[in-house]
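# Chains, contacts and geometry: an overview
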Amino acid sequence: KASRTEMTISAWYMDDDETSDQRLPHKTDPLQPVSSQHLTDIGVLHWEGMNGVDDPRLAAIREERGYTYMDMIECCPEKLPGYDTKILSFFEEHIHRDEEIRFCADGSGYFDVRDENDKWIRVHLGAGDLIILPAGIMHRYTNDTNNYIKAVRLFEGG
């Protein structure tokens, strides 16, 4: 079974400013950090510090959870046709019937999830991070101001 060690992740409650750039951190003042345990409690799993798609920990998680297929996307203006439209569509709040699994191979970005009180939590992913959003959780994605992420999408089946 893949072991998951305690980690320090970067997650916080978001401010209510919906008029400024979605790629900004949108941290509350004062900051309201969200613990790894709280994310786990709402079903969001997160690992960090992996060394690429060949990392043995990623292989163990894939095997344990039955992820047999993966693909890669580079989300940046130079690599993704229709980038401006796509990044806005990723930021629209939505829900899936299955888990959403993303490994950040390079770059960085934000996954926002709604907690049990309907408040937005922002989780920052960087290279080597893996996040699993449970089925049925309201979420959205945006790049941060670096405007680049190379993400591996993992799926059951294939």
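Up top is the structure.
Quick notes on the rules
Residues numbered from 1 in each chain as written. Predicted model: local features only at pLDDT ≥ 70, side-chain atom pairs only at ≥ 80, totals over all residues. Heavy atoms only, no water. Helix = DSSP H or I, 4+ residues; strand = E, 2+ residues; numbered from the N terminus. Buried < 20%, exposed > 50% of the residue type's maximum accessible area, 1.4 Å probe, protein only. Phe/Tyr/Trp six-rings, centres within 6.5 Å; stacked < 30°, edge-to-face > 60°. Polar contact = N/O pair within 3.5 Å; in protein donor to acceptor, adjacent residues only side chain to side chain. Contact = heavy atoms within 4.5 Å. Salt bridge = Lys/Arg side-chain N within 4 Å of Asp/Glu carboxyl O. Pairing = 2+ DSSP bridges.

### Focus: unusual backbone geometry
Looking along the chain, the bond that leaves aspartate 29 and enters proline 30 is cis, with omega of 5°. Tracing the chain through its elements places proline 30 in the loop between strand 1 (10-13) and helix 1 (36-41). Backbone geometry places aspartate 118, a non-glycine residue, at a positive phi of 70°. Secondary-structure assignment places aspartate 118 in the loop between strand 4 (100-114) and strand 5 (120-126). The class for aspartate 118 is exposed, based on a relative accessible area of 51%. Although it is not a glycine, asparagine 147 adopts a positive phi angle of roughly 60°. Asparagine 147 gets classed as partly exposed once you look at its relative accessible area, which sits at 21%.

### A word on the packing of aromatic side chains
Counted under the stated rule, the structure contains three aromatic pairs. Their ring planes at 35° and their centres at 5.7 Å tell us that tyrosine 69 and phenylalanine 155 sit as a pair that is tilted. Taken together, the residues tyrosine 69 in strand 3 (residues 67-75) and phenylalanine 155 in strand 8 (residues 149-156) connect sequence positions 86 residues apart. Overall, the relative accessible area of 29% leaves phenylalanine 155 in the partly exposed class. Measuring from ring centre to ring centre gives 5.0 Å for phenylalanine 111 and tyrosine 141, while their planes differ by 55°; the resulting arrangement is tilted. Residue phenylalanine 111 is found in strand 4, and its partner tyrosine 141 is found in strand 7 (residues 139-143); the two are separated by 30 residues along the sequence. Of the two residues, phenylalanine 111 and tyrosine 141, both sit in the buried class.

### Describing the side chain of asparagine 143
By the element assignment, asparagine 143 lies in strand 7. Separated by 3.0 Å, the side chain of asparagine 143 and the backbone oxygen of cysteine 75 make a polar contact. A distance of 2.6 Å separates polar atoms of two side chains, one belonging to asparagine 143 and the other to tyrosine 141. Leaving out residues up to four positions away in the same chain, asparagine 143 has contacts with Arg23, Cys75, Tyr83, Ile87, Ser108, Gly109, Tyr110, Tyr148 and Ile149.

### Remarks on the pattern of salt bridges
All chains considered together, the criterion is met by 10 salt bridges. The partner of aspartate 55 in a salt bridge is arginine 57, with the nearest N and O atoms 3.6 Å apart. The class of arginine 57 is partly exposed, set by a relative accessible area of 34%. Salt-bridge contacts for arginine 102 lead to glutamate 100; the nearest nitrogen and oxygen are separated by 3.7 Å. Glutamate 100 sits in the buried class, given a relative accessible area of 10%.

### Regarding the pairing of strand 8
By the bridge criterion, eight bridges tie strand 3 to strand 8 in an arrangement that is antiparallel. In the sheet register, glutamate 74 faces strand 8, and the bridge partner there is lysine 150. Of the strand pairs in this sheet, strand 4 and strand 8 are connected by six bridges, and their pairing is antiparallel. Counterpart to arginine 102 in the pairing with strand 8 is arginine 153.

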